[in-house]
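Residues per chain, in single letters:
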Amino acid sequence: MSNQLKDQLSLGQVTEYIRWNEQGLVPAVIQDADSRAVLMLAYMNQESLKKSLTTGETWFWSRSRNELWHKGATSGNVQTIVSVKYDCDGDTLLFLVKPKGPACHTGETTCFYREIRGVHTEEAESESSAYTSNRFDVLAELESVIAERERDRPEGAYTTYLFNKGVDKILKKIGEEASETIIAAKNKDNEELKLEVSDLIYHLLVLLQERKLPLDQVLKELSLRHERPRRD
């Protein structure tokens, strides 16, 4: 590609610079803009790519039906495009999207929900563990701060106020935050929902500290539930 493009393509340049395969298609990786989870892999031709860029929602080319398809047209699980990137060879696209529902026809959030087991090297497992740890570091940090607040009781701190008032006050706040979370969800207000869930998680961590129940034990229980065979 020419240096004057400066790593960006306009709508008018797309069809000229993307490297289409023999069938006139290019693979498109779809990724959740918030969680960064890879949701699906599909193919686009020139028309579906243009429709995606002009409508702001993902359109693909069905190789089995030989027709355009608008993701979510039937299910309602549309994908609103946040940004579009292309790789160094110009033969793969990466879409960051905000999905309105599951990406997979099975109802799973992502099409990549099945794992090939027994292939992890020690290095890969270490990297995976590091990612999981880093992702939830904020919970560990918050748990530590809450423990310090209970021990030191700094004057004027809201967490100090909760511990001074006792478990009944903490439980009342959890009930309030749970109700506000429900209302935000019913109102389909994700921005408000994000705030209310954050408040709820914080107050739950305060409760765990008051009861001297480590968060690790809760996470362990969740892990055990995940490993248990389903009864349905």
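The structure we're discussing is the one just above.
What this report covers is the structure whose coordinates are included nearby. (Residues numbered from 1 in each chain as written. Predicted model: local features only at pLDDT ≥ 70, side-chain atom pairs only at ≥ 80, totals over all residues. Heavy atoms only, no water.)

Taken in spatial order, the 4 strands of this open sheet run S2-S1-S6-S5, and their pairing is mixed. Only two strands of the sheet have a single neighbouring strand rather than two, namely strand S2 (38-44) and strand S5 (79-86). Within this sheet the neighbouring strands show an average axis-to-axis angle of 25°, counted without direction. Bridge count for strand S1 (residues 26-32) against S2 is 6 bridges, and the pairing is antiparallel. Directly across from proline 27, in S2, lies its bridge partner tyrosine 43. With respect to the sheet, helix H2 (residues 46-55) is in contact with S2, S5 and strand S6 (93-99), its orientation differing from that of S2 by roughly 130°. (Pairing = 2+ DSSP bridges. Helix = DSSP H or I, 4+ residues; strand = E, 2+ residues; numbered from the N terminus. Axes fitted to C-alpha atoms, helices over the stretch in contact; angles between N-to-C directions. Contact = heavy atoms within 4.5 Å.)

Counting through the fold element by element, lysine 71 comes out in the loop between strand S4 (67-70) and S5. For the buried lysine 71, no salt bridge exists, and the shortest N-O distance to an oppositely charged side chain is 12 Å, to glutamate 57. Among the polar contacts made by the side chain of lysine 71, one reaches the main-chain carbonyl oxygen of alanine 103 at a distance of 2.6 Å. Other than its neighbours up to four places away in sequence, lysine 71 contacts Met40, Thr58, Phe60, Asn77, Val78, Gln79, Pro102 and Ala103. (Buried < 20%, exposed > 50% of the residue type's maximum accessible area, 1.4 Å probe, protein only. Lys, Arg positive; Asp, Glu negative; His and termini not counted. Salt bridge = Lys/Arg side-chain N within 4 Å of Asp/Glu carboxyl O. Polar contact = N/O pair within 3.5 Å; in protein donor to acceptor, adjacent residues only side chain to side chain.)

This part takes up the pattern of salt bridges. As enumerated under the stated definition, the model contains 7 salt bridges in all. Between aspartate 152 and arginine 151 there is a salt bridge whose closest N-O contact spans 3.2 Å. Aspartate 152 sits in the partly exposed class, given a relative accessible area of 49%. Between glutamate 191 and lysine 194 there is a salt bridge, with its nearest N and O atoms 3.0 Å apart. Taken as a pair, glutamate 191 and lysine 194 lie in helix H7 (residues 190-210) at a separation of 3 residues, close to a single helical turn. Look at lysine 194 and you get partly exposed, because its relative accessible area is 47%. Each of Lys173, Glu176 and Glu177 takes part in a single network of salt bridges with overlapping partners.

The next thing to look at is the packing of helix H4 (residues 137-152) against helix H5 (residues 158-165). The axes of two packed helices give the description: the angle between them and the distance between them. Their axes nearest at 9 Å, the elements H4 and H5 cross at an angle of 60°. Classified by the angle their axes make, H4 and H5 are oblique. When you trace H4 past H5, the crossing you get is right-handed. Packed against H4, whose contacting residues are Ile146, Arg149 and Glu150, the element H5 presents Thr159, Thr160 and Phe163 at the interface. (Parallel < 35°, antiparallel > 145°, perpendicular 65-115°, else oblique. Left-handed = near helix turned anticlockwise from the far one by under 90°.)

We now examine the pairing of S1. Counted residue by residue, S1 has 6 buried out of 7 residues, so it is predominantly covered. Hairpin connection of S1 to S2: 5 residues between the antiparallel strands, including arginine 36 at a positive phi of 70°. The pairing of S1 with S6 spans 5 bridges and is classified as parallel. Directly across from aspartate 32, in S6, lies its bridge partner valine 97.

Time to look at the state of the cysteines. In total, this model carries 0 disulfides according to the counting rule given. Note on cysteine 104: no disulfide assigned, nearest cysteine sulfur contributed by cysteine 111 at a separation of 4.0 Å. (Disulfide = S-S within 2.5 Å.)

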